[in-house]
Amino acid sequence: RDLNVEAFICEALDGAVEACRPQAESKAIRLIVECDPKLHLPHNPPLIEQALINLIDNAIKYTEGPVHLSVSLQCLPKRLIIEVTDQGIGIAPEEINQIWDRLYRGDRSRTKRGLGLGLSLVRAIVEAHCGMVKVESRLDSGSTFSVMLPKTDSLILN
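Nothing here was measured: the structure is a model prediction, and the numbers come from that model.

Each value, and the rule that gives it
Residues numbered from 1 in each chain as written. Predicted model: local features only at pLDDT ≥ 70, side-chain atom pairs only at ≥ 80, totals over all residues. Heavy atoms only, no water. Helix = DSSP H or I, 4+ residues; strand = E, 2+ residues; numbered from the N terminus. Contact = heavy atoms within 4.5 Å. Phe/Tyr/Trp six-rings, centres within 6.5 Å; stacked < 30°, edge-to-face > 60°. Buried < 20%, exposed > 50% of the residue type's maximum accessible area, 1.4 Å probe, protein only. Expected span 1.5 Å × (residues − 1).

1. Considerations on the side chain of Ser146
Argument step 1. Within the secondary structure layout, Ser146 lies in strand S6 (residues 142-150).
Argument step 2. Excluding residues that lie within four positions of it along the chain, Ser146 makes contacts with Ile81, Ile82, Glu83, Met132, Val133 and Lys134.

2. A short note on the packing of aromatic side chains
Argument step 1. Per the stated rule, a full pass over the model turns up one aromatic pair.
Argument step 2. With centroids separated by 5.9 Å and ring planes inclined at 80°, the aromatic side chains of Trp100 and Phe145 adopt a geometry described as edge-to-face. One end of the pair, Trp100, is in the loop between strand S4 (79-85) and helix H3 (118-128); the other, Phe145, is in strand S6, and 45 residues separate them in sequence. Neither Trp100 nor Phe145 differs from the other in exposure class; each is buried.

3. Quick look at helix H2 (residues 46-61)
Argument step 1. In this model, H2 (16 residues) spans 22 Å end to end at C-alpha, consistent with the 22 Å of a helix rising 1.5 Å per residue.
Argument step 2. The element H2 is extensively covered by neighbouring structure, given that 13 of its 16 residues are classed as buried.

Here it is, written out as structure tokens:
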């Protein structure tokens, strides 16, 4: 069936944020979500939501509160951009390209829970939806992960 793509993304974004909210609150991290609340559908495709959960979970994992973590959706003429911005430990410049590799764990992340699969899964899901993902990061200042998905008038789901 056809779904409005902005609504699809907002629903996935809302689901991902709600899944991560208890973890954020336990660390005194306030989640700030910027997505038009009018765009809402009961259908929620699980793959995009899982990619967003992985990004938000990582942002929470590598951030200590009390701070805020921002999740936003920007609708451009030809694409949608979802950004997850934290105030965490950041990523060393020499590790930026490696974080997308399966099982990779940076030196500063080895003390945290996880297997090193999350970001490789994010990239695989986003690319399967004809999109791309990138990161900008500064050590001890935080990171912004950007998911860019092509925008169409509707998204066809089987």
